[in-house]
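# Geometric and topological summary
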Amino acid sequence: MDNCIFCKIINGDIPSQKIYEDDKVLVFKDINPEAPVHILAIPKEHIESVNEINEENSLIINHIFLVISKVTKDLGIDKTGYRIVNNCGKDGLQTVPHLHFHVFGGKTLKWPPV
Ligand code: 5GP
Ligand code: ZN
C-alpha cells in the first residue's frame, strides 16, 4: 500500500535489517530497540491491524507464529523466553498501521505493560 512504511520495507524502498523472509512474512529488527532482541514480524499483505483479521486472511496469523517460533530458536532466546506484543489502534498505541508483532527478548522484561 502507498505511504505505508512497512510496505515500503517489504518492497525494499526503505532498508531494514532482515532476520527472516518468505513469500508471506518478513521479520526484521526494530529501528528503535527496547530490548537486546527487538524484532518485528509482519505479513507481506497489507493488513492494517488485528481489527482487519477475518476468515479469509487469518491463516497468516498461524504462519507468523510458526515463523516466530523458528526465528526465536535461531536467535537463541527460546530457552530464556521472550514476549510477543501487538499494539492495536489508538489506545493500544499502534503507530504503524500495518499489522505487526513485536518480539522482545534477551533480558528479563518488566510487567505489567500498562
Ligand atoms: P507500534 O508502536 O506501531 O506497535 O510499533 C511500530 C514499531 O515500528 C516501533 O517500535 C518503531 O520503532 C518501528 N519502526 C517504525 N519505523 C520503522 C522503520 O522505518 N524501520 C524499522 N526497522 N522499524 C521501524
Ligand atoms: Zn503496509
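Residues numbered from 1 in each chain as written. Chains lettered and ligands numbered in written order. Predicted model: local features only at pLDDT ≥ 70, side-chain atom pairs only at ≥ 80, totals over all residues. Heavy atoms only, no water.

## With respect to the coordination of the zinc ion (ligand 2)
- On the protein side, the zinc ion (ligand 2) has Cys-4 (SG), Cys-7 (SG), His-46 (ND1) and His-98 (ND1) as donor atoms, found 2.0 to 2.3 Å from it.
- Between the four donor atoms coordinating the zinc ion (ligand 2), the angles at the centre fall across 104 to 116°, so the site counts as tetrahedral.
- Each donor residue of the zinc ion (ligand 2) belongs to the same chain, with the gaps between them written as C-x2-C-x38-H-x51-H. Of the two residues, Cys-4 sits in the segment before α1 (5-11) while His-46 sits in the loop between β3 (37-43) and α2 (59-74), which places them 42 residues apart along the sequence.
- For Cys-4, a relative accessible area of 5% puts it in the buried group.
- Taking the relative accessible area as the measure of exposure, His-46 reaches 24% and is therefore partly exposed. (Donors = N, O, S within 2.8 Å, 3.2 Å for Na, K, Ca; no water. Tetrahedral: all angles 85-135°; square planar, octahedral: opposite > 155°, others 65-115°. Helix = DSSP H or I, 4+ residues; strand = E, 2+ residues; numbered from the N terminus. Buried < 20%, exposed > 50% of the residue type's maximum accessible area, 1.4 Å probe, protein only.)

## What about the sheet that holds strand β5 (residues 101-105)?
- With respect to topology, five strands assemble into an open sheet ordered β1-β2-β3-β5-β4, the strand pairing being antiparallel. The two strands at the open ends of the sheet, each matched to only one other strand, are β1 (18-21) and β4 (82-85). Strand-to-strand twist across the sheet, computed as the mean angle between neighbouring axes with direction ignored, equals 20°.
- Direction of pairing for β4 relative to β5: antiparallel, over a ladder of four bridges. The partner of Val-85 across the bridge, within β5, is His-102. (Pairing = 2+ DSSP bridges. Axes fitted to C-alpha atoms, helices over the stretch in contact; angles between N-to-C directions.)

## With respect to the site of ligand 1
- Neighbouring ligand 1 are 16 residues; Lys-29, Asp-30, Asn-87, Thr-95 and His-102 lie closest to it.
- Within the contact set of ligand 1, a nitrogen atom lies 2.9 Å away from a backbone nitrogen or oxygen of Lys-29.
- A distance of 3.0 Å separates an oxygen atom of ligand 1 from a polar atom in the backbone of Val-96.
- Protein chains shield 83% of the accessible area of ligand 1, which is 520 Å² for the free molecule.
- Of all the elements in the fold, those that place two or more residues in the shell around ligand 1 are α1 and β2 (25-29).
- For the shell around ligand 1, the leading source of residues is α1, giving three residues.
- Split into classes, the residues belonging to the shell around ligand 1 amount to eight nonpolar, six polar and two charged. (Near = heavy atom within 4 Å. Polar contact = N/O pair within 3.5 Å; in protein donor to acceptor, adjacent residues only side chain to side chain. Areas by Shrake-Rupley, 256 points an atom, 1.4 Å probe, with all protein chains shown as cover. Nonpolar A, V, L, I, M, F, W, Y, C, P; charged D, E, K, R; others polar.)

## What about the packing of aromatic side chains?
- Under the criterion given, the structure shown has two aromatic pairs.
- Plain terms: the ring middles of Phe-6 and Phe-28 are 5.4 Å apart, the flat faces sit at 80° to each other, and that makes the pair edge-to-face. Of this pair, Phe-6 sits in helix α1 while Phe-28 sits in strand β2; the two residues are 22 residues apart in sequence, bridging distant segments of the chain. Grouping residues by exposure puts Phe-6 and Phe-28 together as buried.
- Between Phe-65 and Phe-101, the aromatic rings sit 5.4 Å apart at their centres with planes inclined by 75°, giving edge-to-face as the arrangement. Of this pair, Phe-65 sits in helix α2 while Phe-101 sits in strand β5, and the two are 36 residues apart along the sequence.
- Exposure remark for Phe-101: the relative accessible area of 7% places this residue in the buried category. (Phe/Tyr/Trp six-rings, centres within 6.5 Å; stacked < 30°, edge-to-face > 60°.)

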